[in-house]
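Here is how the chains run, residue by residue.
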Amino acid sequence: MSQTVVALPNPRLPQRRERLQDVPIAGDKKILLAAPRGYCAGVDRAVITVEQALERHGAPVYVRKQIVHNRHVVETLTERGVVFVEETDEVPEGAILVFSAHGVSPAVRESAEERKLHTIDATCPLVTKVHQEAKRFARGDYDILLIGHDGHEEVEGTAGEAPEHVQLVSGPDAVDSVTVRDEDRVVWVSQTTLSVDETMETVRKLRERFPKLQDPPSDDICYATQNRQVAVKEMAPRCDLVIVVGSGNSSNSVRLVEVALQAGAKDARLVDYAREVDTSWFDGVTTVGVTSGASVPEVLVRGVLELLAEHGFGDVEPVQTAQESLVFSLPRELRPSRVLKVADVTS
Ligand code: SF4
C-alpha cells in the first residue's frame, strides 16, 4: 500500500477547521499533534451534501444511517432538522433521502425508488470505486474475497453489488474457512477504512492458500485512512498516551487506537469529546499524542487540546507525515437543474 499525497487545492477545508494557534499554551509537557487528522474529502463532501439539501429543500431531510460515523456531526445535523433512519421504509413517500458516505447496495436503491423517494447519493467516490471493482470482477465470474468487518454499512453495500460472488473475510483468522470455486479466478478487495498492516497480513495468508489470488487494480484502503495511520505510527513510539478523537462506530478511528498501541504507545484511548477524557490517564504522562478519525470535526480536537493545556501540556509539536488537499465535487443531484426538479415535485 502506498501513502497518498494529493495536490488539488481544497478551498473548503480552511473554513471548516479551527485555527490551532488559538489554543491557549500552558505548561511544558508535550503534545504530539498528528497531521493529517480529521475530516477527509469524502466526509467533507457528505456533510456539505446534507447541509445543502437542508438549505435548498428545508427540513426535514432524511438520511439513511449516520451520514458519517461521528456523534457530534449526527447530533448537530439532527438539531438542524435532519432525520436519521435505519431503512428506507421509515421515510414518507416522496421525501428527500440522502444515502450516507458509506454507500448502499442496489437493493436499497430499488427500495427507495419503489417508495418514490428523491435520493441524493453522498457515497464517497472511493467507496463507489470499490463497488465498481466488485461489479467488474463479478461479471468476470470471479470469487471476490471482501476483507472487512461483518455488519459494517460499507461492507453491506459493497457485498450487495454481487452477493453471489462476494465472500466476507473478517481478518487473518478467517482465512482458513474460505472456500472458492476456481483458484484461478480469485480476487481480493477491501473495506476502505481498515488497518493497512492487518489487511496485508490477511492478504498474505490468503495468498498462501490461493497463490493466484489477484490484487485489486488500486488500493482500496483509502488515502485518508492510510495517511492517518502513518502519522500515528510515526508519533506513537514517543507517546505515553495517545488520544484519538472519534466515535466508537467509526472504523478508521478505532483502527487508529489499535495502530497506536501496535506502534509502541504505552496507552491509547478513543473519546468523542474532551469531557470523556479521564484525567487519571495523565498520571506519570509527559508526552501525549493527539489525532482524530476521518469523520471528526477539528473543533473536537481543539477541545481536547484545551483540556490538555489546562493540565500542563502546552508544548505542541506537529507530526506531519503527508499533505492532503483532495476535494470531491458534490453529488450530481445537487446540480441546480436537478434541485429545482426535486423542489417542484415535493412542494
Ligand atoms: Fe472516503 Fe476514505 Fe473518507 Fe471513507 S475515510 S469517506 S473512503 S475518503
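Residues numbered from 1 in each chain as written. Predicted model: local features only at pLDDT ≥ 70, side-chain atom pairs only at ≥ 80, totals over all residues.

Here the focus is the overall build of the protein chain. Along the backbone of the protein chain there are eleven helices and twelve strands. Taken over 347 residues, the protein chain has a buried fraction of 44%. Long-range contacts, defined here as pairs at least 24 residues apart, represent 79% of the contacts in the protein chain between residues at least 6 apart. (Helix = DSSP H or I, 4+ residues; strand = E, 2+ residues; numbered from the N terminus. Buried ≥ 20, exposed ≤ 12 C-beta atoms within 10 Å, placed from the backbone. Contact = placed C-beta atoms within 7 Å.)

Tracing the backbone shows S111 in helix α4 (residues 106–114). Here the alpha-carbon distance between S111 and D89, two residues 22 residues apart in the chain, equals 7.9 Å.

Of all five residues in strand β6 (residues 143–147), five are buried, a share of seventy percent or more. Burial of the side chains of β6 extends over both faces: D143, L145 and I147 are buried on one face and I144 and L146 on the other. In this sheet, strand β8 (residues 186–190) lies alongside β6 in parallel orientation, the contact comprising five bridges. Bridging from a neighbouring strand, L145 pairs with W188 of β8. Handedness of the crossover joining β6 and strand β7 (residues 166–169) through helix α6 (residues 153–159) is recorded here as right-handed. (Pairing = 2+ DSSP bridges. Right-handed = clockwise from strand over helix to strand, strands pointing away.)

Turning to the confidence of the model for the protein chain, a few remarks are in order. Overall, the prediction assigns the protein chain a mean pLDDT of 91, with 89% of residues at 70 or greater. Predicted confidence for residues 338–347 stays below pLDDT 50, and this span has 14 contacts to residues more than four positions away or in other chains. (pLDDT = per-residue confidence, 0-100.)

Moving on, we get to the pairing of β8. In terms of burial, β8 is largely enclosed, as five of its five residues are buried. Judged by which residues are buried, β8 turns out to be covered on both faces: V186, W188 and S190 on one side and V187 and V189 on the other are all buried.

Turning next to the site of the ligand. As a matter of local geometry, the ligand sits amid 15 residues, with C40, G42, C124, T192 and C222 nearest to it. Those elements that place two or more of their residues in the shell around the ligand are α2 (41–57), α5 (125–139) and α8 (223–235). Ranked by the residues each element gives to the shell around the ligand, the list is headed by α2, at three residues. For the shell around the ligand, the residue count by class is ten nonpolar, five polar and no charged. (Near = placed C-beta within 6 Å. Nonpolar A, V, L, I, M, F, W, Y, C, P; charged D, E, K, R; others polar.)

The next subject is helix α9 (residues 251–262). Under the 1.5 Å per step criterion, the end-to-end length of α9 is 16 Å for twelve residues, consistent within 8% with the ideal 16 Å. Burial runs high along α9: nine of the twelve residues are buried. Considered for burial, the residues of α9 that qualify are S251, N252, S253, V254, R255, L256, V257, V259 and A260. On its buried face, α9 sits against α8, β9 (241–245), β10 (268–271) and β11 (287–292). G264 occupies a position one or two residues after α9 and carries a positive phi of about 115°. (Expected span 1.5 Å × (residues − 1).)

The next subject is the nonpolar core. A46, V50, I67, V98, I144 and L146 are the most contacted members of the largest nonpolar core, which totals 59 residues. For this core, the element with the highest residue contribution is α2, accounting for six residues. Residues in contact with V98, not counting those within four places in the same chain, are T49, V50, A53, V61, V63, I67, I120 and A122. Ranked by size, the runner-up nonpolar core spans 34 residues in total, among them I31, V257, A265 and V271. (Core = buried A, V, L, I, M, F, W, Y, C linked by C-beta atoms within 7 Å.)

Okay, the packing of α8 against α9 next. Taken N-terminus to C-terminus, the directions of α8 and α9 make an angle of 25°; their axes are 9 Å apart at the nearest point. One way to sum up the angle between α8 and α9 is to call them roughly parallel. Relative to α9, the crossing made by α8 is right-handed. Across from T225, R228, Q229, V232 and K233 in α8, the residues of α9 making contact are N252, R255, L256, V259 and A260. Tallied by class, the residues present in the contact of α8 with α9 amount to four nonpolar, three polar and three charged. (Axes fitted to C-alpha atoms, helices over the stretch in contact; angles between N-to-C directions. Parallel < 35°, antiparallel > 145°, perpendicular 65-115°, else oblique. Left-handed = near helix turned anticlockwise from the far one by under 90°.)

This part is about the sheet that holds β8. Strand pairing in a sheet relies on backbone hydrogen bonds. The paired strands run either parallel or antiparallel. With parallel pairing, the three strands of this open sheet are ordered in space as β7-β6-β8. At either margin of the open sheet sits one strand with a lone partner, and together these are β7 and β8. Between one strand axis and the next, the sheet turns through 30° on average, direction left out of account.

Our focus in this paragraph is the environment of R45. Inspection of the secondary structure puts R45 in helix α2. By the C-beta count within 10 Å, which is 22 here, R45 ends up buried. It is 7.3 Å that separates the C-alpha atoms of R45 and A122, two residues lying 77 residues apart in sequence. With residues up to four places along the chain from it excluded, the contact list for R45 reads A122, F328 and L330.

Take the environment of H57 next. Here H57 lies in helix α2. Assessed through the 18 C-beta atoms surrounding it within 10 Å, H57 is described here as partly exposed. It is 8.4 Å that separates the C-alpha atoms of H57 and I96, two residues lying 39 residues apart in sequence.

Between its first and last C-alpha atoms α8 spans 19 Å; for 13 residues at 1.5 Å apiece the expected length is 18 Å, and the two agree. The buried fraction of α8 is high, at eleven of 13 residues. Turning to α8, its buried residues number three or more, namely Y223, A224, T225, Q226, N227, R228, Q229, A231, V232, K233 and M235. In the core, the buried residues of α8 are packed alongside β1 (29–35), α7 (196–209), β9, α9, β11 and β12 (313–320).

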